[in-house]
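# Observations on the three-dimensional arrangement
Below, each chain spelled out in residue letters.
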Amino acid sequence: MTRHGLHRITRFRSGPRRKAIAIGVLGGSVVAGIVATMMPLLASDDLSIRAAADTTATVVSQDGDNATKSTLATCATRCDGNPRGGREAVIEFAVTTVPAAAVNIRATLRVHAWQQFAATVTAHASPLSARESRPPLTSAGAALDRVTSVSKGVNEWDVSKLVTGNGTWTVSLAQSGLESRIYWASVENRNPDLRPSLLITYDLGARPSPVTTTRSAPPPSPSASPTTAAPKPSPTIAPTRTATPSASGTLPSGKCGSVSNKLVPSCGAWWGMYSPAGAAGGWDHGKAVTDVEAQVGRKFDIVHRYHDFSNSGSNGAFPDAYESQQMREGRLMFFAWESRDFSAGTTLKWSDVYGGKQDETIDAVAGRIRAAGVPVFIGFDHEPEDEPNKGSDADFVRAWRYVHERFVSAGATNAVWVWTMMGWSGHYSRYAGLYPGDQYVDWVAYDPYNFHVCNGSTVWKSPSTTVGGFYGWLDDNGIGAGKPRMLAEFGTNFDSADPGAKQRWFQEFPAALKAHPKIKAAIYFNSAGMTSRTSTCDMTMNHDASAVAGFAQAGKDPYLRQPTGGSR
């Protein structure tokens, strides 16, 4: 019932590992509720740091002011026929956010080239100033790493021997084997995704300081505990909404208790849950939620479900009876809609969607959404950056817009579209190309997790660190500016060496949301996903009483107690 994936690169891979797909089929029949889900896996904590300054070092006076150009250059000593035409790219980074307890620090320099070249480029520790207009070439510092051919796109060098923590670090790139210039994107490049960056990963050698714990809640009831085999379909990227004025998706300014027509609360944030049903519980999607609500002592504002394009059963014919009842009881629904057939195990291509092959299904779903008569969140193919078999980024955008427009034509204007990304720094260069446009998106969402040892790392990420990475990137790059943000999935492991860590993590979570006020909804992904439940790994919220107690306390914070809807 779930599709889970690998979210981040480990060490210095040039790209993410592909997500694994696990589709459950019961007795070979088409069973309602069998879906695929995805949970991104984090290798270790990482920081993506932009260059503070850069320039090209050379004695060629005709180059002018290299510190202000949108490109850097490298070239061998003899360059383009000039025996003294050598050039080195010089890049400076100011590192200030590595924790004092960080150990096993690893740093990767990432620089973009527009063409492929048969040349060796070596990264050196540099004594030069990256802030000078044209510093003269000098003896290179210690060699750090080299690439023996230049790739079109991002090239990477391991500079861990230089970058050992916070400080100002300068690297130069020296070229050999090719006597013509190679151009690289600089910090002045108009496209921020192409600018030089430093990716830093680390483990934490010290445990977070303890905070006061609350008394334990009763042990979680077995019926509410999600099964390992029943994860949910991966976080979908919500299909765009009707082409309404962009102002309708901005944060409301009314008094607390008001909600915009795009479901944005005027104060605080919605509190939501994905709780999968399973065969043991008769695929009862209603009880899967109410059991957890009973454990934590409140009704959830948002219930998250994953659906497919089968247009049949609880997998594809949504809203189903469970969801209709949940809406009648005051909960908001978030339908994550995947272009696949869960039970058949088949995946559609985005060209199938925008090419008209799925019009009957799209129109049927739009009709049921319109008939619901209340605003609902909906997402189309969440995390498309990890779906290479479905098509290109442009194909995704075209499919998203196509689905959105058919909803508009069907009068399903109560659909509130949520665009959900993995939020991984390795895909930062792609997100602008995956964004369908402000007129097609109502909310921007992503899926942060504190996996700790579930993915082989030892990193323990605080709630603020967990949610802060992509949040900051969105601020810096203006994607979905003014749109409310959502954690379409979030979760945390426990720490076998510190039994109270998960409880404290939940207790600290409301403060992390308050520190990131554009997040107006947070939905816990209460499933193991593609992780394995072991003595050191369990991503479910209710795997022990202390975790339940911490989550229950978080849900009682006034910031997450909207004076309207399910949490009243």
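Just so it is clear, the structure is predicted and the values come from calculations on it, not from any experiment.

### Regarding the packing of helix α5 (residues 359-372) against helix α6 (residues 393-409)
Packing of α5 against α6 brings their axes to within 9 Å, and their N-to-C directions diverge by 50 degrees. Between α5 and α6, the interaxial angle falls into the category oblique. As α5 packs across α6, the resulting crossing turns out to be right-handed. Here α5 contributes D359, I362, D363, V365, A366 and I369 to the contact with α6, which in turn contributes Y402, V403, R406 and F407. By residue class, the composition of the contact of α5 with α6 is seven nonpolar, no polar and three charged.

### A closer look at the packing of aromatic side chains
In the structure shown here, the tally under the stated rule is 38 aromatic pairs. When the ring of F318 is compared with that of F335, the centres are 5.2 Å apart and the planes differ by 40 degrees; the resulting orientation is tilted. Remark: F335 occurs in strand β14 (residues 332-337) and F318 occurs in the loop between α2 (313-316) and α3 (321-328); sequence separation between them is 17 residues. Of the residues examined, F318 reaches a relative accessible area of 0% and is grouped as buried. Every member of this aromatic cluster is reached through a ring pair, and the members are F309, F318, F335, W337, W350, F380, F396, W400, F407 and W417.

### Considering the pattern of salt bridges
Considering all chains together, one arrives at 25 salt bridges under this definition. A salt bridge links R340 to E338, with the shortest nitrogen-to-oxygen separation between them at 3.5 Å. Like E338, R340 is buried. Taking the shortest distance from any N to any O, the salt bridge between K390 and E387 comes out at 3.7 Å. Relative accessible area serves as the criterion here: at 6%, E387 is assigned to the buried category. Each of E338, R340, D381, E387 and K390 takes part in salt bridges that share partners, so that together they form one network.

### Some remarks on the sheet that holds strand β7 (residues 143-147)
The five strands are arranged β2-β4-β9-β6-β7 in an open sheet whose pairing can be described as antiparallel. Sheet topology places β2 (53-57) and β7 at the edges, where each strand pairs with a single neighbour. On average, adjacent strands in this sheet sit at an angle of 20 degrees to one another, irrespective of strand direction. Examined bridge by bridge, β2 and strand β4 (residues 88-95) share five bridges and lie antiparallel to one another.

### Comments concerning the pairing of strand β19 (residues 443-446)
Taking every second residue as pointing to the same face, both faces of β19 are buried, with W443 and A445 on one and V444 and Y446 on the other. One ladder, built from four bridges, connects strand β18 (residues 415-421) with β19; its direction is parallel. Note on β19: the bridge partner recorded for V418 is W443. By the bridge criterion, three bridges tie β19 to strand β21 (residues 485-492) in an arrangement that is parallel. Each bridged residue has a counterpart across the sheet, and for Y446 the counterpart in β21 is L487.

### Considering the confidence of the model for the chain
With 82% of its residues at a pLDDT of at least 70, the chain reaches an overall mean of 83. A low-confidence stretch, residues 1-45 stays under pLDDT 50, and its non-local contacts, those more than four residues away or across chains, total 204 contacts. Note that pLDDT drops below 50 for residues 206-249; the model gives that stretch 187 contacts with residues more than four away or on any other chain.

### Observations concerning the nonpolar core
In terms of nonpolar packing, the biggest core is built from 71 residues, with F407, W419 and Y431 touching the most fellow members. With six residues, α6 is the single largest residue contributor to this core. The contacts of Y431, once residues within four sequence positions are left out, are E385, W419, M421, M422, G423, W424, F470 and W473. Grouped together as the second largest cluster of nonpolar side chains are 36 residues, I105, L144, V147 and W157 included.

### Quick look at α6
Here α6 contains 17 residues, and its C-alpha end-to-end distance of 25 Å stays within 8% of the 24 Å for a straight helix at 1.5 Å per residue. Contacts from the buried residues of α6 go to β14, α4 (350-354), α5, β17 (376-380), β18 and α7 (428-434). Downstream of α6 by a residue or two, G411 has a phi angle that is positive, lying close to 80 degrees.

### Here we look at unusual backbone geometry
Between F318 and the following residue, P319, the backbone shows a cis peptide bond with an omega angle of 0 degrees. As for its position among the elements, P319 is in the loop between α2 and α3. One non-glycine residue with positive phi stands out, namely E383, at about 50 degrees. Secondary-structure assignment places E383 in the loop between β17 and α6. Its identity is not glycine, yet H452 carries a phi of approximately 50 degrees, on the positive side.

### Examining the packing of helix α9 (residues 501-515) against helix α10 (residues 545-555)
Running from amino to carboxyl end, α9 crosses α10 at an angle of 5 degrees, the nearest separation of the two axes being 7 Å. Classified by the angle between their axes, α9 and α10 sit roughly parallel to one another. Counting all contacts with α9, which are made through K502, Q503, F506, Q507 and P510, the residues of α10 involved are S546, A547, A549, G550, F551, Q553 and A554. Considered class by class, the residues forming the contact of α9 with α10 number six nonpolar, five polar and one charged.

### Observations concerning the pairing of strand β9 (residues 167-176)
Counting buried residues in β9 gives seven out of 10 residues, a clear majority hidden from the surface. Pairing of β4 with β9 involves seven bridges; the strand directions are antiparallel. For A94, the partnering residue across the bridge sits in β9 and is T168. By the bridge criterion, six bridges tie strand β6 (residues 120-125) to β9 in an arrangement that is antiparallel. Paired with T120 across the two strands is S176, which belongs to β9.

### Some points on the environment of T420
Mapped onto the secondary structure, T420 falls in strand β18. Along the primary structure T420 and H382 are separated by 38 residues, whereas in three dimensions their C-alpha atoms are 5.1 Å apart.

### Description of the side chain of N414
Within the secondary structure, N414 is located in the loop between α6 and β18. On the basis of relative accessibility, which here comes to 14%, the residue N414 falls in the buried class. Reaching out from N414, the side chain makes a polar contact with the backbone oxygen of I369 at a distance of 2.7 Å.

Quick notes on the rules
- Residues numbered from 1 in each chain as written.
- Predicted model: local features only at pLDDT ≥ 70, side-chain atom pairs only at ≥ 80, totals over all residues.
- Heavy atoms only, no water.
- Axes fitted to C-alpha atoms, helices over the stretch in contact; angles between N-to-C directions.
- Helix = DSSP H or I, 4+ residues; strand = E, 2+ residues; numbered from the N terminus.
- Parallel < 35°, antiparallel > 145°, perpendicular 65-115°, else oblique.
- Left-handed = near helix turned anticlockwise from the far one by under 90°.
- Contact = heavy atoms within 4.5 Å.
- Nonpolar A, V, L, I, M, F, W, Y, C, P; charged D, E, K, R; others polar.
- Phe/Tyr/Trp six-rings, centres within 6.5 Å; stacked < 30°, edge-to-face > 60°.
- Buried < 20%, exposed > 50% of the residue type's maximum accessible area, 1.4 Å probe, protein only.
- Salt bridge = Lys/Arg side-chain N within 4 Å of Asp/Glu carboxyl O.
- Pairing = 2+ DSSP bridges.
- pLDDT = per-residue confidence, 0-100.
- Core = buried A, V, L, I, M, F, W, Y, C linked by side-chain atoms within 4.5 Å.
- Expected span 1.5 Å × (residues − 1).
- Polar contact = N/O pair within 3.5 Å; in protein donor to acceptor, adjacent residues only side chain to side chain.

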